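Structural features, examined
Residue strings, one per chain:
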Amino acid sequence: MLDRLDQALRTDHPERPAVLAATRSGRRVRVRATRGELASLADAFAAALHARGLRAGDTVGVAVRPGPRALAVMLALWRLGLRGAVLDPGAGPGVLRARLALARPALVLADAAAQAVAGWAAPLARRAGLALPGLSGLGPVATVGPRLPGCAPALGTGGGLPLPRSHEGDGDAVVVFTSGTTSSPRAVVHTRSSLAAGMDTVASLFAARPGEPVLGGTFFVLVPSLAQGAPVALPARSPAALARQLGRITPQATYLTPPQLRDVLGVPGARFPGGRVWTGSAPASAELLGRVRRAGAEEAWGVYALTELFPAAAVESREKAAYEGPGDLVGAPLPGVEAKTDTDGELLLTGPGARNRYLGEEPDPWIRTGDRARLDTTGRIVLEGRCKDMVLRRAENIYPGLYEPALHVPGVELAVLVGIPAQDGDERLVALVQPRPGTDEGALRARLAGPLRAMGTARPDALLFAGIPLSGRSRKPDRAAASRLAAARLGHAAAGGHR
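Let us look at the overall build of the protein chain. Scanning the protein chain from N- to C-terminus turns up 16 helices and 27 strands. Here the C-alpha radius of gyration of the protein chain, 23 Å, is about what a compact globule of 499 residues would show, namely 23 Å. Here the contacts in the protein chain between residues at least 6 apart in sequence split such that 60% fall between residues at least 24 apart. Of the roughly 21600 Å² of accessible surface on the protein chain, 52% is carried by carbon and sulfur atoms. In the protein chain, 60 positive and 44 negative side-chain charges are present, and the distance between their average locations comes to 8 Å.

With their axes 8 Å apart at the nearest point, helix H2 (residues 35-51) and helix H3 (residues 68-80) run at an angle of 55 degrees to one another. By the angle between their axes, H2 is oblique relative to H3. Judged by the sense of rotation from one axis to the other, the crossing of H2 with H3 is right-handed. Residues Leu38, Leu41, Ala42, Asp43, Phe45, Ala46, Leu49 and His50 of H2 touch H3, and the partners they reach there are Pro68, Arg69, Leu71, Ala72, Val73, Leu75, Ala76, Leu77, Arg79 and Leu80. Residues of the contact of H2 with H3, tallied by class, amount to 14 nonpolar, one polar and three charged.

By size, the foremost hydrophobic cluster in this structure holds 75 residues, and its most contacted members are Leu49, Leu109, Tyr304, Leu349 and Ile381. Ranked by residue count, the leading element in this core is H3, at 10 residues. When neighbours within four sequence positions are excluded, Leu349 is seen to be in contact with Tyr304, Leu306, Leu309, Ala312, Val337, Glu338, Ala339, Pro365, Trp366, Ile367, Thr369 and Ile381. Membership of the second largest hydrophobic core comes to 25 residues, among which are Leu20, Ala22, Ala236 and Phe272.

This part takes up unusual backbone geometry. Across the junction of Phe310 and Pro311, the peptide omega takes the value -10 degrees, indicating a cis bond. When you line up the elements, Pro311 lands in strand E14 (residues 309-316). Even without glycine at this site, Thr250 takes up a positive phi of about 40 degrees. By relative accessible area, Thr250 is classed as partly exposed at 44%.

Looking now at the packing of aromatic side chains. Following the criterion strictly, the structure yields three aromatic pairs and no others. Note on Trp278 and Trp301: the rings are 5.1 Å apart at their centroids and 20 degrees apart in plane angle, and the pair reads as stacked. Placement of the pair is Trp278 in strand E12 (residues 276-279) and Trp301 in strand E13 (residues 299-306), with a sequence separation of 23 residues. Grouping residues by exposure puts Trp278 and Trp301 together as buried. A network of ring pairs unites the aromatic residues Phe206, Trp278 and Trp301 as a single cluster.

When the pLDDT values of the protein chain are averaged, the result is 88; 91% of them are 70 or greater. Of all secondary-structure elements in the protein chain, the lowest mean pLDDT belongs to helix H6 (residues 122-127), at 47, while strand E16 (residues 338-341) reaches the highest, 98. Predicted confidence for residues 117-125 stays below pLDDT 50, and this span has nine contacts to residues more than four positions away or in other chains. This stretch, residues 127-136, has a pLDDT under 50; its non-local contacts, to residues over four places away or in other chains, come to 27 contacts.

Looking now at the packing of helix H11 (residues 258-265) against helix H12 (residues 286-294). Look at H11 against H12: their axes get within 11 Å of each other, and the N-to-C directions meet at 50 degrees. As the angle between them shows, H11 and H12 are arranged oblique. The handedness of the crossing between H11 and H12 comes out as left-handed. The residues of H12 that touch H11, namely those facing Pro258, Leu261, Arg262 and Leu265, are Leu288, Arg291 and Val292. Across the contact of H11 with H12, the residue classes tally to five nonpolar, no polar and two charged.

Locating Glu346 in the fold gives a position in strand E17 (residues 346-350). Within the local environment of Glu346, its side chain forms a polar contact with the side chain of Arg368, the two groups lying 3.1 Å apart. Sequence-distant contacts of Glu346, defined by excluding residues within four places in its chain, comprise Lys340, Thr341, Arg368, Thr369, Gly370, Asp371, Arg372 and Cys387.

What follows deals with the environment of Gly216. Inspection of the secondary structure assignment puts Gly216 in the loop between strand E9 (214-215) and helix H9 (219-227). Residue class for Gly216 comes out buried when judged on its relative accessible area of 0%. Put simply, Gly216 and Gly171 are 45 residues apart on the chain and 28 Å apart in space, counted from C-alpha to C-alpha. Setting aside chain neighbours within four positions, we find Gly216 in contact with Val221, Leu222, Val232, Ala233, Leu234, Pro235 and Tyr255.

Let's shift gears to the sheet that holds strand E25 (residues 462-465). If you walk across this open sheet you meet the three strands as E23-E24-E25, and the pairing is mixed. The sheet terminates laterally at strand E23 (412-421) and E25, the two strands that pair on one side only. The average undirected angle you get between the axes of adjacent strands in this sheet is 25 degrees. With four bridges connecting them, strand E24 (residues 427-435) and E25 associate as parallel partners. Counterpart to Leu432 in the pairing with E25 is Leu464. Strands in contact with helix H15 (residues 441-454) are E23, E24 and E25; relative to E25, the strand with the most contacts, it is inclined by about 145 degrees.

The α-helix advances 3.6 residues per turn, and as a result positions three or four apart in sequence lie on the same side. With 17 residues, H2 should cover 24 Å at 1.5 Å per step; its first-to-last C-alpha distance of 25 Å lies within 8% of that length. The elements touched by buried residues of H2 are helix H1 (2-11), strand E1 (17-22), strand E2 (29-34), H3, strand E5 (107-110) and H9. Two residues or fewer past H2, Gly53 is found with a positive phi of approximately 95 degrees.

Let us now look at helix H8 (residues 192-206). A rise of 1.5 Å per residue sets the reference length of H8, with its 15 residues, at 21 Å; its end C-alpha atoms lie 22 Å apart and thus fit the reference within 8%. The buried count for H8 comes to 12 of 15 residues, which makes it a mostly enclosed element. Among all positions in H8, only Arg192, Ser194, Leu195, Ala196, Ala197, Gly198, Met199, Thr201, Val202, Ala203, Leu205 and Phe206 are buried. Where H8 terminates, the next one or two residues include Ala207, which has phi positive at roughly 40 degrees.

Here is what the cut-offs are and how they apply
- Every residue gets a number counted from 1 within its own chain, in the order that chain's sequence is written.
- Reporting of local features is limited, given that this is a predicted model, to residues whose pLDDT is at least 70; pairs of side-chain atoms are given and counted only at 80 or more, and all residues count toward the totals for whole chains, interfaces and linings.
- For side-chain calculations, the full set of non-hydrogen atoms in the structure is used, while hydrogens and water are omitted.
- The helix and strand labels rest on DSSP assignments: H or I over at least four residues marks a helix, E over at least two residues marks a strand, and numbering proceeds from the N terminus.
- In this description the radius of gyration comes from C-alpha coordinates, and the expected globular size is given by 2.2 Å times residues to the power 0.38.
- Note on definitions: a residue-residue contact is assigned when non-hydrogen atoms from the two residues lie within 4.5 Å.
- What sets the accessible areas is the Shrake-Rupley method with a 1.4 Å probe; for residues, cover comes only from the shown protein chains.
- When charges are tallied, Lys and Arg are placed among the positive residues and Asp and Glu among the negative ones, while His and the ends of the chain are skipped.
- Working definition for charges: the position is that of NZ of Lys, CZ of Arg, CG of Asp or CD of Glu.
- Interaxial angle, 0 to 180 degrees, is taken between N-to-C directions of lines fitted to C-alpha atoms, where a helix line uses only the stretch in contact.
- Note on angle classes: values under 35 degrees are labelled roughly parallel, values over 145 roughly antiparallel, values of 65 to 115 roughly perpendicular, and the remainder oblique.
- In this scheme the crossing of two helices becomes right-handed for a clockwise turn of the near helix relative to the far one and left-handed for an anticlockwise turn of less than a right angle.
- Only Asp, Glu, Lys and Arg are considered charged, only Ala, Val, Leu, Ile, Met, Phe, Trp, Tyr, Cys and Pro nonpolar, and every remaining residue, Gly among them, polar.
- Throughout this description, the term nonpolar core refers to a set of buried Ala, Val, Leu, Ile, Met, Phe, Trp, Tyr and Cys residues connected via side-chain atoms within 4.5 Å.
- Burial status follows relative accessibility: with a 1.4 Å probe on protein chains alone, a residue under 20% of its type maximum counts as buried, one over 50% as exposed, and anything between as partly exposed.
- Any pair of Phe, Tyr and Trp rings, taking the six-membered ring for Trp, is counted once the centres come within 6.5 Å. Such a pair is stacked with planes under 30 degrees apart, edge-to-face with planes over 60 apart, and tilted for the rest.
- pLDDT is defined as a per-residue confidence score from the predictor, taking values between 0 and 100.
- Here a polar contact is taken to be a pair of N or O atoms separated by no more than 3.5 Å, where protein atoms must pair a possible hydrogen donor with a possible acceptor and residues adjacent in sequence count only if both atoms sit in side chains.
- Two strands make a pair as long as DSSP finds a minimum of two bridges between them.
- Helix span, as expected, comes to 1.5 Å for every residue beyond the first.

Structure, rendered in structure tokens:
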């Protein structure tokens, strides 16, 4: 798919728009890059990386916001056979350093916002939820795009440099961190073949028509759409602007997360101008998909996907609404995907698009999803809850083990992060902290302020002081009971007007 995209950008109407973006108000749409400009930028990045001595198999860290530059970087890495390690600046400095130590990139590519950690740029970093450590903690860094004061040297555009030949054959393509602790990070490794298989599956799902916009910002939406000749519009950030954007560009297909859908449906008068709407990254109820159709979409699809296998299954709103059994119907496995459950009811998946392995571990064809599930009589997947401790908030997977150690400041006896139900499958993240006897809660709250800020996008929605329930012979924290306690406390606090 990436090879086809590279060729199509050069030969299939290179003058046409490739990436669109709404203005802040959403009233106008501007062209971020044409197809030819995107191909040229990818060539320039490839030439510059090759001139730095990077060769097939080397790892490059990528901390670049979604858009033409990020896509051009990934195309350049693909051309050279480099492995891209996707870095999330919002994870916090401790977590990010541990991930860098595991991935060991030869170079980190970061835009200015990801480096905004000092001087006058610090407020920008805080507003964006970014927490990259200083450049000395990152190793070699090159800036992609405009530089701000204090940024690393620019990658350059490779002007006048020879364009290297495209890499052929398989090999690691991308590393995406998903879980683990600062002492033992965990990352998914996709090969070139598994990445291509996943994008082929996406392309077969909606078969974009050339020239008509597709709205969505994920890599798995950008690449197949552009390869099929459709420009891609990056979703506006605010719900009101997104609602206006939908009416302005009339996309043939739309991919938004469930939180984005809920937000835009909350805007008075928001409509989907026909077409298909897809949602994933978090649970999507039949009620939410039905609302999307009532707001104008011809079809509304929920996609069951994991970082390890995207996509795995899909279900349309009418089929989901007709299901009356227990559990959450997420649809039949997509072509090539095999599903089974183990003796404990955990769902296992495999297929051509499955990740090759976890970084530092041996290959394993079967993915343990962490979801309890069953297969109905027709082979459809019905989820019955999660086996993991993972909390899912606004389409973001949050793993408590990454952040709980930082909560153990002086005066804390025990601390856990738990999720409590919010709405439509979403969760709120709560830090439940058990103070040591005699500890002043006001002083303890002040000591916790710094660690909570350092969690970046994983910062809890609420901080509660309470005794944490324990269970088992080992007297470990009982997370289910802790979640119920937090839900009860927050409900009481809301009713009483305080927290």
